[in-house]
Amino acid sequence: MVYFSQLPSMDLEAAEILERLSDAMNCGGIPETASLVKAERKRVEGVTVHVAVTGTPKVGKSAFINSVMGFEDGQDGAAPTGSAQQPAKPAPYSRPGNPSSVFWELPSIEGATFSPGDYLKAVEADKYVGFFILTSTRFTREAAALASELRRAGKQLYLVRTKIDLSAPAYKNKEFEEDALHVLSADRFANLGIEFTAARFFCVSCHEVDRFDFLECIQALQKNSSPPLRKHALLVSLHYLASKVELKNSLKELIPVSAIYSCIIDPVPVEQLPYQANIPFLYNEIRFYRVMLGLDYAALNKSAKLIGRPTFVLSDEIQTKMAKELTEETVSEELLRWTQKNVQVSPSNVKWVPLLKTLPGGKLSGASTIRLLDAMLEQFTDDACRIQRKMADILRGD
Ligand SMILES: Nc1nc2c(ncn2[C@@H]2O[C@H](COP(=O)(O)OP(=O)(O)OP(=O)(O)O)[C@@H](O)[C@H]2O)c(=O)[nH]1
Ligand SMILES: [Mg+2]
């Protein structure tokens, strides 16, 4: 196949980062480790992931992309919807200031002369981590042929039925399921197999991310993306759509790197702390976790609007003090608390201990910082899940 090649090897695996950092510490000491820590973080932040959205004309490709990006209709940078013109070549969309996830609207699939091979070559299929194939009725033969070709090439693909809000009363009742299965089991999907197809079939309204299967289809893309560095970029850049647990697990992988950063890059003495730490850096990390998990005021306000309640109804669900009173001072206090507890690192981080022992503040400095960041992520995730439950309760009318 000429239009697909092997993805370059990229990894987020902590074991490999650890190996590189340990080598740097052995060969060049703190200065070399410090520049490698910066480079590793830059490498993770610099990843861009491309995702393709295709389908027959007028099925909601632009509206789907706008909902993923959080764009209002007609907003600057949004994809034009309901337009008379068909895009002739792939058009990229990303959130302003956040280029890590780029969703491309591909030219529509149509015409009796459609050839999946030619189409994939023309859209440079190689660069996309996954494909969403949209339809608002039954999948056409051309769409099915494209899906088969993508499967043969080992590409992630999702079959999305849009405009489900128009048949909402039938959604997920028995008849609807049967109808959906009928759509899938039609002979045009025989090549893919019913199990494969059913596992990748989602029903969405392109205007409502909170209803039907919208979140599920984006979360499937995030979960199944590889290598881990791309998965991480998709989770972080589309954090507001991500499964909180998947997001937390991906962020956790990088905690030891952040802990080492605080211990060796511009650390300063902190009252009572037996080692030096970079408190402004830790403050920014924890603030970043708070944004990722949707506990910042802007996110709470937006979620509260969705359920038609004042923001405090959701912020009252937050139990973590650091989510509410986050300052450099509270970060210093919290770090001191974890240091005084002198707790062990979690089993998954034991492999980092030999490297932590070589830090200027010794194992205690690295291990305590890891525990602080671990605890923040765990507690913020619990808060985020509590908020999600509260929203679900309110929407159900409890
Ligand atoms: N009710 C409803 N309307 C939708 C949905 N998705 C899209 N629409 C509407 O359908 C029309 C076409 O949507 P677009 O997003 O422009 O579709 P498209 O596939 O990008 O169209 P082309 O690029 O022109 O092929 C617009 O008026 C949208 O508002 C949906 O899930 N539900
Ligand atoms: Mg469009």
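Calculation notes
- Numbering of residues begins from 1 in every chain and follows the order in which that chain's sequence is written.
- Ligands are numbered from 1 and chains lettered from A, in the order in which they are written.
- Residue-level local features of this predicted model are given only where pLDDT is at least 70; pairs of side-chain atoms are given and counted only at 80 or more, and the full residue set underlies all totals for whole chains, interfaces and linings.
- Strands here mean DSSP runs of E at least two residues long; helices mean DSSP runs of H or I at least four residues long; both are numbered from the N terminus.
- To estimate the expected span of a helix, count its residues, drop one, and scale the result by 1.5 Å.
- Exposure in this text rests on C-beta crowding, where 20 or more other C-beta atoms within 10 Å of a residue's own make it buried, 12 or fewer make it exposed, and counts in between make it partly exposed. The C-beta atoms are placed from the backbone.
- Note on contacts: residues are paired as contacts if their backbone-placed C-beta atoms lie within 7 Å.
- Domain borders in the structure are assigned automatically or taken from a domain database.
- Gly counts as polar in this scheme, as do all residues outside two lists: the nonpolar Ala, Val, Leu, Ile, Met, Phe, Trp, Tyr, Cys and Pro, and the charged Asp, Glu, Lys and Arg.
- Each pair of strands is called paired provided DSSP finds at least two bridges between the two strands.
- A set of buried residues drawn from Ala, Val, Leu, Ile, Met, Phe, Trp, Tyr and Cys, joined through C-beta atoms within 7 Å, is what defines a nonpolar core.

Caption draft 1: A look at helix α4 (residues 141-152). A rise of 1.5 Å per residue sets the reference length of α4, with its 12 residues, at 16 Å; its end C-alpha atoms lie 17 Å apart and thus fit the reference within 8%. Looking at α4, one finds that the buried residues are Glu142, Ala143, Ala144, Leu146, Ala147, Glu149 and Leu150. Where α4 is buried, its residues touch β1 (49-55), α3 (116-122), β4 (128-135) and β5 (156-161).

Caption draft 2: Molecular detail of the domain arrangement of the chain. The domain architecture assigned to the chain consists of domain 1 (14-45 + 243-396) and domain 2 (49-237). The interface is formed by seven residues belonging to domain 1 together with nine residues belonging to domain 2. Broken down by element, the residue count for the side of domain 1 that touches domain 2 peaks at three residues, all from helix α9 (residues 244-253). Of the residues assigned to the side of domain 1 that touches domain 2, the class counts are four nonpolar, two polar and one charged.

Caption draft 3: The arrangement of the pairing of β1 in detail. For β1, a buried count of six out of seven residues is recorded, marking the element as mostly surrounded by other parts of the structure. The pairing of β1 with strand β3 (residues 98-105) spans five bridges and is parallel. Paired with Val49 across the strands is Ser101, a residue of β3. Bridge count between β1 and β4: six bridges; the pairing is parallel. Considered in β4, the bridge of Val51 is made with Gly130.

Caption draft 4: Seen up close, the nonpolar core. By size, the foremost hydrophobic cluster in this structure holds 97 residues, and its most contacted members are Val53, Ile133, Ala147, Val160 and Val204. By residue number, the principal contributor to this core is helix α17 (residues 362-396), which donates nine residues. Both domains that furnish three or more residues to this core are identified here as domain 1 (14-45 + 243-396) and domain 2 (49-237). In contact with Val53, not counting residues within four places along its chain, are Lys61, Phe64, Ile65, Phe103, Trp104, Glu105, Leu106, Phe132 and Leu134.

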